[in-house]
Amino acid sequence: MNSAITSCEHPDPLHFLTALGGLVAVPLILAKDLCLQHDPLAQSYLISTIFFVSGICTLLQVFLGVRLPILQGGTFAFLAPSLAMLSLPAWKCPEWTLNASQVNTSSPEFTEEWQKRIRELQGVVMVASCFQMLVGFSGLLGYLMRFIGPLTIAPTISLVALPLFNSAGNDAGAHWGIAALTVFLITLFSQYLKNIAVPVPLYGRQKGCRVSKFPLFQVFPVLLALCISWLLCFVLTATNALPSAPTAYGYLARTDAKGSVLSQAPWFRFPYPGQWGLPTISLAGVFGIIAGVISSMVESVGDYYACARLVGAPPPPKHAINRGIGIEGLGCLLAGAWGTGNGTTSYSENVGALGITRVGSRMVIVAAGGVLLLMGVFGKVGAAFATIPTPVIGGMFLVMFGIISAVGISNLQYVDMNSSRNLFVFGFSIFCGLTIPNWVNKNPEKLQTGVLQLDQVIQVLLTTGMFVGGFLGFLLDNTIPGSLEERGLLTWNQIQESSETTKVLEIYGFPCGIGTQSCSPSWTRYLPFWPRLEGGGKEEVGMSQRTLCS
């Protein structure tokens, strides 16, 4: 098989740079509900922690997981249930934490207010991650995927982002001019200038110094737009064109609104498990995060197939998918232990980057994982990202959340959308996924049963739009009569077909020959995640360039 990969000479910074927007977005979205909107230093600690854990999880996935060149990072699928849990009466931020003049970020009282919330997130993420590891390593995922089709996946993924319109609007509304500029620049670079290649000097061991054309605007649209908008805010701040009064409209566009965090942040800070204290657990949070886990697993399976197609590898076999999902569960366990306030998942943005750069070596992703580890240790790096002006973040959110919603809807390409059955299932599911959480948030007292734990579980689940929409899509798609072709399952299953051949094991097996017949006991054949060869394994072994580069 000829791989689509053409260059493996040097580590490519693209992957971790592409992931930066998503990695930084997760802590910034959680900040308000963690009572941290007026503590950029604590936000920088969360950003550094998520960088560090993403580096660890990326290395685990490349060496022991699905073994495809996929970066791991924070997941938006956990945001909706996390925000739903933090909106419960017991976890709503006290009024004094919302007023910057009343917040003393160094006081033990304030520190305990935000740390007890993140400890709760830690606990529920760690428990929910055990469910993901069970589904992955037990092989249960293959059975569940028989019933989960495009009409379940489309509303689930779309509703990961659609309910976040309020967060995006509030941040962008801090200065609509700056937010609009950020959106304009992202649109300009990613859509209008994406086919324009920029000459870039390169150096390689074999070819030496040379100039190569690189699709800069197509690869870094978000990063370029963020930097330009950030620079403009700096100029407007230096010239006092932006208001200096904290209560004035546009103040949050100033780069010195959070400027002190750079001087306060330490140069080196090593994140460690339990840095915020001993995790706590609530039943309501666990059920909510499990809904996010299911959404994350389904999305990751799609990423595995897309990545394999882009690097010219065979579709991943069942054992590789089971192992990949299991390792993602382990990554979520580590994220919970370290206290990112989130989990980890495969990054779709980086899968798309493979098709642009044609660099799909595992070592490139290993290098990206190493860089993320270093960025997590250097405290000033996280602090720098914490100083990004609020309207710049808001503009990035407007584009990012819109794309996530569209990615969910794109799963309908496999479905017959001329069918009234499918129109009903999707339309009803996604509309209820917006309507029901909105009503429950406004009328929580109408669902009280008298049992506090049960009330919390019901409220968290019914205020998590992706759970409501995904559950209705799953229920209706599997109960309303319809053919496999009409439901999109025929095409869906064909995409996932793979055979256990020598070439497949060569790519998806463990490193250093682990798992081969010569160095694994006979009982491992019964493990759903262990590499195994079917059909005698007499197929001629051929190595793709991606494997050679690994």
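If you're wondering where the values come from, they're calculated on a predicted model, not measured in any experiment.

Q: I keep staring at the overall build of the chain and nothing clicks. Help me out?
A: The secondary structure content of the chain amounts to 24 helices and four strands. With 550 residues in all, the chain has 55% of them scored as buried. In the chain, the share of contacts with a sequence separation of at least 24, taken over all contacts with a separation of at least 6, comes to 82%. Of the roughly 23,200 Å² that the chain leaves accessible, carbon and sulfur atoms contribute 65%.

Q: Mind showing me how you'd approach a nonpolar patch on the surface here?
A: Together, L140, Y143, F147, F471, F474 and L475 give the surface a local cluster of nonpolar side chains, amounting to about 520 Å² of exposed area. Within the residue set of the nonpolar patch, elements represented by two or more residues are helix 5 (140-144) and helix 20 (465-479). For the nonpolar patch, the leading source of residues is helix 20, giving three residues. The topology assignment puts Y143 in helix 5.

Q: I tried to follow unusual backbone geometry on my own but got confused; where do I start?
A: Note: most peptide bonds trans; most residues except glycine with negative phi. Its identity as a non-glycine residue notwithstanding, C35 has a phi of 70 degrees, on the positive side. With respect to the element layout, C35 can be found in the loop between helix 1 (14-31) and helix 2 (40-64). Judged by relative accessible area, C35 falls into the buried class, the value being 1%. Not every positive phi belongs to a glycine, and N240 is a case in point at roughly 60 degrees. Looking at the secondary structure, you find N240 in the loop between helix 10 (221-238) and helix 11 (260-264). Overall, the relative accessible area of 57% leaves N240 in the exposed class.

Q: Explanation requested: the pattern of salt bridges in the structure shown.
A: Pairs may arise between side chains of opposite charge once their charged atoms sit close together. Tallied over the entire structure, the rule returns six salt bridges. Put simply, R117 and E113 hold a salt bridge, and the shortest N to O gap is 2.8 Å. With R117 and E113 both in helix 4 (residues 108-138) and four residues apart, this pair spans about one turn of that helix. Its relative accessible area of 13% is what places E113 among the buried residues. Among the ionic contacts, a cluster of salt bridges with common partners joins E113, K116 and R117.

Q: Is there a simple way to explain the environment of E112 in this structure?
A: With respect to the helices, strands and loops of the structure, E112 is situated in helix 4. A sequence separation of 165 residues divides E112 from G277, and the C-alpha atoms of the two residues are 9.8 Å apart.

Q: How do you make sense of the packing of helix 18 (residues 420-442) against helix 20 when you look at a structure like this?
A: Helix 20 packs onto helix 18 with a crossing angle of 155 degrees between their chain directions and a minimal axis gap of 8 Å. With respect to their mutual orientation, helix 18 and helix 20 come out roughly antiparallel. Of the two elements, helix 18 crosses helix 20, and the hand of that crossing is right-handed. Where helix 18 abuts helix 20, its residues R421, F424, V425, F428, S429, C432, G433, I436 and P437 lie against G465, V468, G469, L472, G473, L476 and D477. Partitioned by chemical class, the residues of the contact of helix 18 with helix 20 number nine nonpolar, five polar and two charged.

Q: How do you make sense of helix 18 when you look at a structure like this?
A: Along an α-helix, residues three or four apart share an orientation, since each turn contains 3.6 residues. Given a rise of 1.5 Å per residue, 23 residues ought to cover 33 Å, and the 33 Å separating the end C-alpha atoms of helix 18 matches this to within 8%. Check the buried side of helix 18 and you find it contacts helix 6 (150-161), helix 17 (390-410), helix 19 (452-462), helix 20 and helix 21 (484-487). At the N-terminal end of helix 18, a side-chain oxygen is found 3.2 Å from the backbone nitrogen of R421, two or three residues along, and the residue is S419.

Q: Would you mind going over the nonpolar core with me for this structure?
A: If you look at soluble globular proteins, the nonpolar side chains tend to sit buried side by side. By size, the foremost hydrophobic cluster in this structure holds 111 residues, and its most contacted members are F51, L68, F76 and F401. At eleven residues, helix 12 (residues 283-310) tops the list of elements feeding residues into this core. Residue contacts for F76: discarding those within four places in its chain leaves G22, A25, V26, I29, V160, M400, F401 and I404. One finds F52, V53, L334 and A335 within the second-largest nonpolar core, a separate group that totals eight residues.

Q: So what exactly am I meant to see when it comes to the state of the cysteines here?
A: Counted by the stated rule, this structure contains one disulfide. C35 shares a disulfide with C93; S-S distance 2.1 Å. A torsion of -100 degrees about the S-S bond marks the disulfide between C35 and C93 as left-handed. One end of the pair, C35, is in the loop between helix 1 and helix 2; the other, C93, is in the loop between helix 3 (79-86) and helix 4, with 58 residues separating them in the sequence. Assessed through its relative accessible area of 17%, C93 is described here as buried. C332 takes part in no disulfide bond, and the closest cysteine sulfur, belonging to C57, lies 7.5 Å away.

Q: Quick question: what am I supposed to make of the environment of I118 here?
A: Its place among the elements puts I118 in helix 4. As for I118 and G341, which are separated by 223 residues in sequence, their C-alpha atoms are 5.8 Å apart. Contact partners of I118, with chain neighbours within four places excluded, come to L34, L46, W276, G339, T340 and G341.

Q: Got a minute to help me understand helix 13 (residues 318-338) in this structure?
A: Helix length check: helix 13, at 21 residues, gives a terminal C-alpha distance of 30 Å against a target of 30 Å (1.5 Å per residue), a fit within 8%. Among the 21 residues that make up helix 13, 18 are buried, leaving the element largely enclosed by the rest of the structure. Within two residues after helix 13, G339 carries a phi angle of roughly 90 degrees, on the positive side.

Q: Could you clarify how one ought to interpret the side chain of S82 in this entry?
A: Relative to the assigned elements, S82 resides in helix 3. With relative accessibility at 1%, the residue S82 sits in the buried group. In contact with S82, other than residues within four places in its own chain, are L30, L121, I289 and G341.

Q: Would you mind showing me how to read the packing of aromatic side chains here?
A: Geometrically, a pair of aromatic rings is defined through the distance of the ring centres and the angle of the planes. According to the stated counting rule, one finds twelve aromatic pairs in the structure shown. Residues F76 and F401 carry aromatic rings whose centres are separated by 5.8 Å and whose planes lie at 85 degrees to one another, so their mutual orientation is edge-to-face. Within this pair, whereas F76 is found in the loop between strand 1 (72-73) and helix 3, its partner F401 is found in helix 17, the two being separated by 325 residues in sequence. Comparing F76 with F401 shows no difference in burial state: the two are buried. The interplanar angle of 45 degrees and the centroid separation of 4.9 Å between the aromatic rings of F268 and F378 together place this pair among those described as tilted. Of this pair, F268 sits in the loop between helix 11 and helix 12 while F378 sits in the loop between helix 15 (362-377) and helix 16 (379-386), placing them 110 residues apart in sequence. Taking the relative accessible area as the measure of exposure, F268 reaches 56% and is therefore exposed. Take F378: its relative accessible area is 31%, and that puts it in the partly exposed class.

Quick notes on the rules
Residues numbered from 1 in each chain as written. Predicted model: local features only at pLDDT ≥ 70, side-chain atom pairs only at ≥ 80, totals over all residues. Heavy atoms only, no water. Helix = DSSP H or I, 4+ residues; strand = E, 2+ residues; numbered from the N terminus. Buried < 20%, exposed > 50% of the residue type's maximum accessible area, 1.4 Å probe, protein only. Contact = heavy atoms within 4.5 Å. Areas by Shrake-Rupley, 256 points an atom, 1.4 Å probe, with all protein chains shown as cover. Patch = residues over 30% accessible without salt bridge, like charges linked within 9 Å, V, L, I, M, F, W, Y side chains within 5 Å. Salt bridge = Lys/Arg side-chain N within 4 Å of Asp/Glu carboxyl O. Axes fitted to C-alpha atoms, helices over the stretch in contact; angles between N-to-C directions. Parallel < 35°, antiparallel > 145°, perpendicular 65-115°, else oblique. Left-handed = near helix turned anticlockwise from the far one by under 90°. Nonpolar A, V, L, I, M, F, W, Y, C, P; charged D, E, K, R; others polar. Expected span 1.5 Å × (residues − 1). Polar contact = N/O pair within 3.5 Å; in protein donor to acceptor, adjacent residues only side chain to side chain. Core = buried A, V, L, I, M, F, W, Y, C linked by side-chain atoms within 4.5 Å. Disulfide = S-S within 2.5 Å. Phe/Tyr/Trp six-rings, centres within 6.5 Å; stacked < 30°, edge-to-face > 60°.

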